[in-house]
Amino acid sequence: MKILKSKILILALMLVSFASFSQTNVKGVLVDAFKGEVLIGASIVVDGTTIGTATALDGSFKIAVPSGDQKLIFSYVGYIEVIKELNLTAGEELDLGKIALEADAVNLNEVKVVASVAIARETPVAISTIKPAQIAEKLGTQEFPEILKSTPGVYVTKQGGAFGDSRINIRGFDQRNTATMINGVPVNDMENGWVYWSNWAGLADVTRSMQVQRGLGASKVAVPSLGGTINILTKTTDTKTGGNAFTTVGNDGYKKYGFTLSTGLTETDWAATISLAKADGDGYVDGTQFESYSYFVNISKRLNDKHTLAFSLFGAPQWHGQRTTDMSIETYQNSDRGIRYNQDWGYKNGQIYYVRKNFYNKPQAILNHFYTVNESTFISTAIYASIGTGGGTGSYGSNKSKFYTYLREGQVDFDRIVDENIALGNAGSDAFMRSSNNNHSWYGLLTSYNKDLGNLDIMIGIDGRYYIGEHYREVTDLLGGDFYLESGIDVNNYNKIVGVGDKIAYANDGHVAWAGLFAQAEYKVDKLSSFVALSISDKSYKRVDYMNYFTDDLIDQINADPALEQEYKDLLYDEDDLDKKFLEAMEGQESDWASFLGYMIKGGANYNLTDNHNIFFNTGYFQRQPDFDAVFLNYINFINEDAENEKVVSFELGYGYRSGIISANLNAYYTKWSDKTFTPSVDVQDPVTGAVEYYVANILGIDAGHMGVEMDFVVKPIEKLQVTGFVSVGDWRWLNDVEDVGVFDENQNEIGTYDVYLKDVHVGDAAQTTAAIGIDYELLKGLKLGVDYNYYDNIYADFNVTSRTSAPAADESNPDAWQLPYYSLLDMNLRYNFDVSDFKATLYCNVNNLLDTEYISDGYGGLDVADPLESWKKTKVYYGWGRSWSVGLKIRF
């Protein structure tokens with residue numbers, strides 16, 4: 001028996017030795033053909049065999065290949081497959097060096113230039129890049145920005161929990177101060193800087209890559225990147241004919257389905273891709289049903305070797321019920337519906353009816369022209385337009401408080417309101433529904449000249465934009481009444497009877513013009529890469545008000561008729577201001593233009609110490625123009641002469657390490673935000689009558705400091721296992737108190753002043769400490785399991801700065817807002833690739849908040865000066881979703 005075992009062992013050793021001598025070790029590195037960035041997780045397979053491997057975190061691979069004539073197939077999602085025919089000699093080692101893979105999409109490289117995509121170990125900024133596979137595997141029924149929640153410095157919530165109502169903060173800066181760009185085109189609102197993600201609901205289906213550049217970022221154009229830049233690249237046009245179809249179902253009636261078709265690049269150099277999708281569901285939160293459509297079209301034509309045209313159109317018309325009323329913790333606890341409770345809806349005649357309903361359609365079209373002058377010169381031009389229509393509903397009327405006092409089982413009793421309006425008869429409705437419409441027309445031109453001078457790349461460009469925002473309210477449902485009598489709002493029709501479709505409350509346009517120049521120089525030599533970027537921009541505002549000012553025709557009539565003039569003087573007479581309101585109305589509906597000059601300078605450098613280690617730094621200073629509402633206070637045409645630019649200075653230092661097993665980054669940052677402008681409303685109660693008047697405060701000179709340390713890593717100890725994680729610790733505080741803040745009435749008269757006490761108070765609205773760890777493991781061929789754990793702490797409630805008017809005691813500091821409880825969430829996902837006849841298919845399964853953790857994601861207010869420990873009782877909150885799930889299937893052809 002021992003002799004038999006020895007023979008078997010000797011035979012096995014001989015077979016192993018023979019196999020090793022009959023093989024060749026082949027190694028190399030896979031990179032992107034455009035910028036040379038390494039491709040992680042790319043596939044290398046020996047043709048006709050099951051022998052294969054994947055690239056490591058540094059893009060390298062090593063594979064034992066049988067000797068003789070062999071074909072190696074190199075492939076990566078989003079790239080054209082490369083096949084290398086090799087004649088291999090047994091026992092030798094072959095180094096293929098760098099193998100470059102071309103993108104499988106027409107014009108993708110050109111779009112990357114326009115979009116300022118950052119490159120690891122080259123661009124000196126902190127970056128995190130999300131690939132399409134991660135979006136497909138991790139997103140599930142989450143909102144599109146939530147795919148970034150495992151990114152350092154990022155805090156994402158669903159706010160009220162309805163479809164498309166999510167928000168994102170980066171390093172403590174909200175969406176207004178975080179730039180969002182799609183294919184290099186800025187999409188932050190021109191008036192206030194907000195990004196409404198419900199307008200971009202279809203992006204998840206057409207995104208090719210999504211990159212977060214934290215801090216000042218790599219964008220050449222002037223954008224509000226205090227916290228960072230979210231750089232989204234959509235699909236262009238696939239080079240190959242094909243497409244896919246998919247369907248997804250999930251919790252609370254979630255359903256989504258759609259398809260993509262591509263012609264590929266034809267013999268006549270045309271290419272086209274179209275994607276369509278539809279989603280609907282009941283929503284996790286009560287009263288947040290939704291319906292959304294999305295579309296994407298890209299058509300490209302290669303005119304010749306030098307010129308290419310590409311046209312893209314995408315949008316997502318949608319409607320959804322909302323929860324915009326944040327409530328106390330006690331309110332949720334007293335409701336049978338718990339964290340799903342929503343006050344902003346009810347039943348009307350047995351049907352679901354919404355107090356708050358958002359509806360919008362914002363298609364965006366971009367025409368790109370790419371001109372390759374020669375090998376070293378490239379000119380890119382993008383002409384774009386976006387026409388947005390829609391708004392949100394709400395309550396209105398002289399007795400609109402009924403909406404939240406007439407409740408039936410916790411919901412708005414619309415039927416009772418209808419009955420009372422009917423009973424009012426000729427008096428008209430006193431409580432009814434309106435919509436606040438915010439339509440806009442946005443046009444832009446973005447062109448750049450790029451010159452490669454060897455070690456030096458130069459880019460100069462022009463950024464022009466023009467925006468018209470149309471804002472008004474209109475009657476949508478009189479709830480049983482026949483009309484509403486509105487008095488004292490519209491000076492052109494002082495006592496007007498309105499019906500469904502008529503404008504009420506306000507009607508004004510905001511015009512914004514932007515003219516910018518930018519330039520950047522990049523220097524690369526050996527291990528060093530550096531850049532300097534400059535931009536200057538003029539931002540101008542004009543306001544047109546159709547209700548607070550007379551029309552031109554009426555002004556002409558008043559000037560020609562003294563009796564009519566006296567009639568309007570009597571109508572608009574005020575005991576305090578006499579004829580002032582009349583004289584203002586005579587000034588006409590258009591304001592003068594108000595212009596503000598802003599500029600930015602930033603630079604940085606990256607140095608690769610070795611093939612494994614690199615260090616970088618960046619710094620910058622910019623002045624950002626004030627928003628529209630800071631220029632025109634109190635919703636009138638008077639220009640605020642005190643409006644001034646906000647100033648930002650930032651510095652960041654980072655270190656990176658990369659090997660075949662581990663990739664890690666460590667960076668520290670400091671950003672000072674000076675002269676932050678606040679224009680909050682102030683409620684002032686008359687001590688005699690008790691009536692409440694609403695005024696606007698013009699708060700200037702508040703500074704904030706945001707500093708922190710971030711560390712992220714990826715570990716791939718074996719081919720089938722990948723571990724990711726990060727830790728982010730921030731310290732974000734207001735730096736000073738402000739004295740003598742002016743409060744202004746509707747005529748821009750200063751009615752008083754007060755002090756604001758903010759020094760050392762934590763900036764609210766986001767978690768200052770976050771951490772995450774994720775594990776992805778391929779259980780079987782094609783079957784991968786993912787588990788992600790996220791942790792959030794040091795979350796302070798947001799607050800109105802006008803509530804901070806009480807000075808602390810001499811030996812005490814300013815009290816913080818309420819600190820929300822820390823929480824952690826566990827998500828799980830499963831992906832399985834398989835064949836269906838001749839088609840490739842993938843099954844996706846996702847469970848978010850697997851443990852059904854109950855947590856508060858957002859808080860507002862909540863300062864009890866007398867007893868800070870009781871502040872939680874005054875804080876209005878939103879709870880995050882409990883457990884949610886989805887199952888999806890995609891078939892590619």
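What you see is a predicted model; the values in this text were computed from it and never measured. In this convention, every chain numbers its residues from 1, walking through the sequence in written order. The predicted origin of the model limits local features to residues at a pLDDT of at least 70 and limits the giving and counting of side-chain atom pairs to 80 or more, whereas totals for whole chains, interfaces and linings rest on all residues. Water and hydrogen atoms play no part in the side-chain values, which are based on all heavy atoms of the structure.

**Q** Help me understand the overall build of the chain in this model?
**A** The secondary structure content of the chain amounts to eleven helices and 52 strands. Note on method: radius of gyration uses C-alpha positions; expected globular size equals 2.2 Å times residues raised to 0.38. Whereas a compact globule of 893 residues would reach a radius of gyration of roughly 29 Å, the chain reaches 30 Å, a difference of no more than 12%. Summarising the internal contacts of the chain: among those between residues at least 6 apart in sequence, 69% fall at separations of at least 24. Accessibility throughout is a Shrake-Rupley quantity obtained with a 1.4 Å probe, and a residue counts as covered only by protein chains that appear here. When the accessible surface of the chain is totalled, it reaches about 38700 Å², and 55% of it is carbon and sulfur. In the chain, 75 positive and 116 negative side-chain charges are present, and the distance between their average locations comes to 12 Å. Only DSSP runs of H or I with at least four residues qualify as helices, and only runs of E with at least two residues qualify as strands; both kinds are numbered from the N terminus onward. Two residues qualify as a contact provided that any one of their heavy atoms is within 4.5 Å of a heavy atom in the partner residue. When charges are counted, Lys and Arg are positive and Asp and Glu negative, with His and the chain ends excluded. Charge placement uses NZ in Lys and CZ in Arg. For Asp and Glu, CG and CD serve respectively.

**Q** What's the story with the sheet that holds strand β5 (residues 68–75) in this structure? I'm lost.
**A** In any sheet, the strands associate via hydrogen bonds between backbone groups, in a parallel or an antiparallel arrangement. Strands are treated as partners if at least two bridges between them are detected by DSSP. A sheet is described by the order of its strands in space; here four strands give the open sequence β3-β2-β5-β6, paired in antiparallel fashion. Every interior strand has two partners, whereas the edge strands, β3 (52–54) and β6 (82–88), have only one. On average, each strand axis in the sheet is tilted by 20 degrees relative to the strand beside it, whichever way the strands run. Here strand β2 (residues 43–46) runs beside β3; their pairing, made up of three bridges, is antiparallel. Note that in β3 the partner of V45 across the bridge is G52. Helix axes are fitted only over the stretch in contact, all axes being lines through C-alpha atoms; the angle between N-to-C directions runs from 0 to 180 degrees.

**Q** Sorry if this is basic, but what is going on with the packing of aromatic side chains here?
**A** The description of two aromatic rings rests on the distance between their centres and on the angle between their planes. Think of it this way: a Phe, Tyr or Trp ring, Trp meaning its six-membered ring, pairs with another when their centres are within 6.5 Å, and the plane angle makes it stacked under 30 degrees, edge-to-face over 60, tilted otherwise. In total, this model carries 32 aromatic pairs according to the counting rule given. Geometrically, the ring pair formed by W200 and F314 is tilted, given 5.9 Å between the ring centres and 50 degrees between the ring planes. Remark: F314 occurs in strand β21 (residues 307–315) and W200 occurs in the loop between β13 (185–186) and α4 (203–206); sequence separation between them is 114 residues. Three exposure classes are used, based on accessible area relative to the maximum for each residue type with a 1.4 Å probe and protein chains only: buried under 20%, partly exposed in between, and exposed over 50%. We classify W200 as buried; its relative accessible area is 4%. The buried category is assigned to F314, whose relative accessible area is 4%. The rings of Y155, Y792, Y823 and Y855 are connected pair by pair, giving a single aromatic cluster. Counted as over-ring charges are cases with an Arg CZ or a Lys NZ within 6 Å of the ring centre that also lie within 35 degrees of the ring normal. Positioned over the ring face of Y284 is R340, at 3.8 Å from the centre of the ring. When the ring centre of Y472 is taken as reference, the NZ or CZ atom of K503 above it lies at 4.4 Å.

**Q** What's the story with the pattern of salt bridges in this structure? I'm lost.
**A** Opposite charge on two side chains permits pairing when their charged atoms draw close. Each salt bridge in this description consists of a side-chain nitrogen of Lys or Arg and a carboxyl oxygen of Asp or Glu lying within 4 Å of one another. Summed over the entire model, instances satisfying the criterion amount to 37 salt bridges. Close ionic contact of K27 with E93 constitutes a salt bridge, the shortest N to O distance being 3.5 Å. Here K27, found in strand β1 (residues 23–32), pairs with E93, found in strand β7 (residues 93–101); they are 66 residues apart in sequence, far enough to count as distant. Of the residues examined, K27 reaches a relative accessible area of 30% and is grouped as partly exposed. Owing to a relative accessible area of 46%, E93 belongs among the partly exposed residues under this scheme. Its salt-bridge partner being R167, residue D858 comes within 2.8 Å of it at the nearest N-O pair. Within this pair, whereas D858 is found in strand β50 (residues 856–861), its partner R167 is found in strand β11 (residues 167–170), the two being separated by 691 residues in sequence. The same class applies to D858 as to R167, namely buried. Here the salt bridges share partners, and the residues they tie into one network are R171, R214, E652 and E710.

**Q** Would you mind going over the sheet that holds strand β29 (residues 411–413) with me for this structure?
**A** Strand order in this open sheet of four strands is β24-β23-β29-β28, and the pairing throughout is mixed. Among the strands making up the open sheet, the edge pair consists of β24 (351–354) and β28 (407–408). On the sheet, helix α7 (residues 414–424) packs against β23 (345–348), β24, β28 and β29 and is oriented at approximately 60 degrees with respect to β23.

**Q** Mind showing me how you'd approach a negative patch on the surface here?
**A** On the surface, D737, E739, D740, E750 and D760 cluster together into a patch of negative charge. You can see D760 is positioned in the loop between β44 (750–756) and β45 (767–780). You can call D760 partly exposed: its relative accessible area is 40%. A residue counts toward a patch only above 30% relative accessible area and without a salt bridge, and it is joined to like-charged neighbours within 9 Å or, for Val, Leu, Ile, Met, Phe, Trp and Tyr, to nonpolar neighbours within 5 Å.

**Q** Got a minute to help me understand the side chain of K158 in this structure?
**A** Among the secondary structure elements, K158 is positioned in the loop between β10 (154–157) and β11. At 2.6 Å, the side chain of K158 forms a polar contact with the side chain of E146. Filtering out sequence-adjacent residues up to four positions away, K158 remains in contact with T141, Q142, E143, E146, D165, S166 and W881. Between N or O atoms, a polar contact is any pair within 3.5 Å; within protein, one atom must be a potential hydrogen donor and the other a potential acceptor, and residues adjacent in sequence are included only when both atoms are from side chains.

**Q** Even after reading the chapter, I still don't get the nonpolar core, so can you show me in this structure?
**A** Grouped burial of nonpolar side chains is what soluble globular proteins tend to show. Within the largest apolar cluster, 51 residues are counted, with the highest numbers of intra-cluster contacts made by I699, W734 and Y754. The greatest single-element share of this core, amounting to five residues, is contributed by strand β41 (residues 692–718). When near neighbours in sequence (up to four residues on either side) are disregarded, Y754 contacts V682, A697, I699, E739, D740, V741, V743, T802 and T805. With 48 residues, the next largest nonpolar core counts I130, M190, M210 and W442 among its residues. Each nonpolar core is a collection of buried residues, namely Ala, Val, Leu, Ile, Met, Phe, Trp, Tyr and Cys, held together in the definition by side-chain atoms within 4.5 Å.

**Q** What should I look at first to understand the pairing of strand β33 (residues 495–498) in this one?
**A** Side chains on a regular strand alternate between the two faces of the sheet. Side chains K496 and V498 of β33 all project onto a buried face; the interleaved residues N495 and I497 project onto a face where none is buried. With four bridges connecting them, strand β32 (residues 484–487) and β33 associate as antiparallel partners. Within the sheet, the bridge partner assigned to E486 lies in β33 and is K496.

**Q** Even after reading the chapter, I still don't get the pairing of strand β52 (residues 884–892), so can you show me in this structure?
**A** Sheet topology note: the strand β17 (residues 242–250)/β52 ladder contains seven bridges and is antiparallel. Counted as the bridge partner of V249 is V887 from β52. Of the strand pairs in this sheet, strand β49 (residues 839–848) and β52 are connected by nine bridges, and their pairing is antiparallel. Residue pairing across strands places K840 opposite R892, the latter belonging to β52.

**Q** Help me understand the side chain of S275, please; the structure alone is not making it clear to me.
**A** Note on placement: S275 falls in strand β19 (residues 270–281). Assessed through its relative accessible area of 6%, S275 is described here as buried. Among the polar contacts listed, one links the side chain of S275 to the side chain of T260, at a separation of 2.7 Å. Every residue in contact with S275, bar those within four places of it in the chain, is listed here: V206, K235, F259, T260, S294, Y295 and F296.

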